[in-house]
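Structural features, examined
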Amino acid sequence: MKFRRLGKTDLKVSVVGVGTWQFGGEWGLDYTQDEVDRILDQAAELGINLIDTAECYGDHLSESFIGSYLSRRDRSKWVVATKFGHHFHDLFTRTDDYSAQSVVQQLDASLKALHTDYIDLYQFHSGPDSQFDNDELWTTLDKLTQAGKIRHLGTSIGSNANIHQTAASTKVGSKAIQVVYNRLDRAPEEQVFPSCIEQDLGVLARVPLASGYLSGKYKPGAVFAGNDVRHRHDAEAVRQKLEEVERIQRDEVPQGMDMAKWALAWCLKHDAVTTVIPGCKNPEQVIANAAATELISDEHPQAWKN
């Protein structure tokens, strides 16, 4: 495994992390604690140390699975990133609350679910600019950071072209940007990434496999179950994406190479990207994701220097 410094933080993160939206039950599977344990144990064995979750992946369900795991392992070996701003009510149903008063309650609920007394990276979760531009919110988050409940603040931008929240990061004390970035969606390259480099912000690339479409497993016409978030995607847009994936696989991916491995490494080669956080449904997918490190060099602006 290779490691990078997450922007201006002191966090040493693996270039491949574990995204955990799937543990909340919205990606076609319901998980048991044993299944989660095996996924995270496999990640640890491969040197992965970053877990990204959120309070709304289930009603703190993903966090609870992770927390149970951490309670029986060495917490200090993991970098845990979670988020605030959404209340889960049912599959694909949420309401928003980014108020300063609510964030205190949300953080305490996340700490309890995660069986920990601190969050390594606490992220504003895909909220509108009107909620982001709230001095009271960031003052409250700063106080929670000073109290030791949060090590570092981050922003998970909803639109991957949101330069407003990215550019304001240093002002509000946010040290990392989480953003959708993959071979099918390169919008961050235009404005977001240059701003991240200028401010020395860490970048967590989410959806690096384009919701699995870049895994190479799906062909145009693929159908997804009702408990899989992809069934909500526009059918024509999905068809076009999968046709583009076929073209990329034919023209850009070396013959015989696993497409998911190639797609993750493609993201990691950008100077702004610190780490990718793909989801994984089983230990075998963890192994496949980690293999992307074989295709990247040790030279990177945020490469961890021992």
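Everything discussed here concerns the structure shown above.
Everything numeric in this text was worked out from a predicted model, so none of it was measured. (Residues numbered from 1 in each chain as written. Predicted model: local features only at pLDDT ≥ 70, side-chain atom pairs only at ≥ 80, totals over all residues. Heavy atoms only, no water.)

Before going further, it helps to spend a moment on the overall build of the protein. A tally of helices and strands in the protein yields eleven helices and twelve strands. For 306 residues, the compact-globule estimate of 2.2 N^0.38 gives 19 Å, and the protein sits close to it at 18 Å. Oriented by its inertia axes, the alpha-carbon framework of the protein measures out at about 50 × 40 × 40 Å. For the protein, the residues scored as buried account for 54% of the 306 residues in total. A separation threshold of at least 6 residues defines the contact pool for the protein, and within that pool the share at least 24 residues apart is 76%. (Helix = DSSP H or I, 4+ residues; strand = E, 2+ residues; numbered from the N terminus. Rg over C-alpha atoms; globule rule 2.2 N^0.38 Å. Buried < 20%, exposed > 50% of the residue type's maximum accessible area, 1.4 Å probe, protein only. Contact = heavy atoms within 4.5 Å.)

By the element assignment, Lys12 lies in strand S2 (residues 12-14). Its relative accessible area of 31% is what places Lys12 among the partly exposed residues. Taking the C-alpha atoms as reference points, Lys12 and Asp59, 47 residues apart in sequence, are found 29 Å from one another. Once residues within four sequence positions are removed from consideration, Lys12 is found in contact with Phe3, Arg4, Asn49, Val79, Trp304 and Asn306.

A word on the packing of aromatic side chains. Under the definition given, this model contains twelve aromatic pairs. Considering the side-chain rings of Tyr69 and Trp78, the 6.0 Å spacing of their centres and the 80° angle between planes classify their relative orientation as edge-to-face. Across this residue pair, the class does not change: Tyr69 and Trp78 are buried. These aromatic residues form a ring-pair network of at least three members: Phe84, Tyr98, Tyr122, Phe124, Phe132 and Trp138. Positioned above the aromatic ring of Phe3, the side-chain terminus of Lys12 is 4.8 Å from the ring centre. Over the aromatic face of Tyr118 sits the side chain of Arg75, whose NZ or CZ is 4.1 Å from the ring centroid. (Phe/Tyr/Trp six-rings, centres within 6.5 Å; stacked < 30°, edge-to-face > 60°. Lys NZ or Arg CZ within 6 Å of the ring centre and 35° of its normal.)

A few words on the environment of Leu6. By the secondary structure assignment, Leu6 is in the loop between strand S1 (3-5) and S2. Using a relative accessible area of 2% as the deciding quantity, one classes Leu6 as buried. Along the backbone, Leu6 and Asp135 are 129 residues apart, and their C-alpha atoms lie at a distance of 25 Å. Not counting the four nearest positions on each side in its chain, Leu6 is found in contact with Leu11, Val13, Leu121, Ala176, Gly202, Val203, Leu204, Thr274 and Gln302.

Take the packing of helix H3 (residues 100-113) against helix H5 (residues 135-146) next. Two packed helices can be described by the angle between their axes and the distance between those axes. H5 packs onto H3 with a crossing angle of 35° between their chain directions and a minimal axis gap of 8 Å. H5 is crossed by H3, and the crossing has right-handed handedness. Contacts from Ala100, Val103, Val104 and Leu107 in H3 reach Glu136, Leu137, Thr140, Leu141 and Leu144 in H5. (Axes fitted to C-alpha atoms, helices over the stretch in contact; angles between N-to-C directions. Left-handed = near helix turned anticlockwise from the far one by under 90°.)

With that out of the way, let us pick up the sheet that holds strand S11 (residues 202-206). In space, the eight strands of this open sheet follow the order S3-S4-S5-S8-S9-S10-S11-S12, with parallel pairing throughout. Each end of this open sheet is capped by a strand with a single partner; those strands are strand S3 (18-19) and strand S12 (275-276). As defined by bridge partners, S11 adjoins S12 across two bridges and the pair is classed as parallel. Residue pairing across strands places Ala205 opposite Val276, the latter belonging to S12. Most of the contacts of H5 go to strand S9 (residues 150-156), to which it runs at about 150°, and overall it touches strand S5 (79-84), strand S8 (119-125) and S9. (Pairing = 2+ DSSP bridges.)

Take helix H11 (residues 283-290) next. One full turn of an α-helix is made of 3.6 residues, so residues set three or four places apart face in the same direction. All of the buried residues along H11 are Pro283, Val286, Asn289 and Ala290. Down the axis, H11 shows its buried residues gathered within 115° of arc, on one side only. As for H11, its buried residues are in contact with helix H1 (33-45) and helix H10 (259-268). In this structure Asn282 caps H11, since a side-chain oxygen of it lies 3.2 Å from the backbone nitrogen of Glu284. (Arc of directions from axis to C-beta. Polar contact = N/O pair within 3.5 Å; in protein donor to acceptor, adjacent residues only side chain to side chain.)

Here we come to the pattern of salt bridges. Close approach of charged atoms allows side chains with opposite charge to pair. Tallied over the entire structure, the rule returns 19 salt bridges. When the shortest N-O distance is used, the salt bridge between Glu189 and Arg186 registers 3.2 Å. Arg186 gets classed as partly exposed once you look at its relative accessible area, which sits at 40%. Each of Arg183, Glu244, Arg247, Arg250, Asp251 and Glu252 takes part in one network of salt bridges that share partners. (Salt bridge = Lys/Arg side-chain N within 4 Å of Asp/Glu carboxyl O.)

It is worth spelling out the nonpolar core at this point. With 72 residues, the main nonpolar core has Phe84, Tyr122, Trp138, Leu141 and Phe193 as its most contacted residues. Per-element tally for this core: the top contributor is H10, with nine residues. Excluding its chain neighbours within four sequence positions, the residues that come into contact with Phe193 are Val179, Tyr181, Pro188, Val203, His270, Ala272 and Val273. Core analysis: the second largest hydrophobic core is formed by ten residues, Leu6, Leu11, Val79 and Ile277 among them. (Core = buried A, V, L, I, M, F, W, Y, C linked by side-chain atoms within 4.5 Å.)

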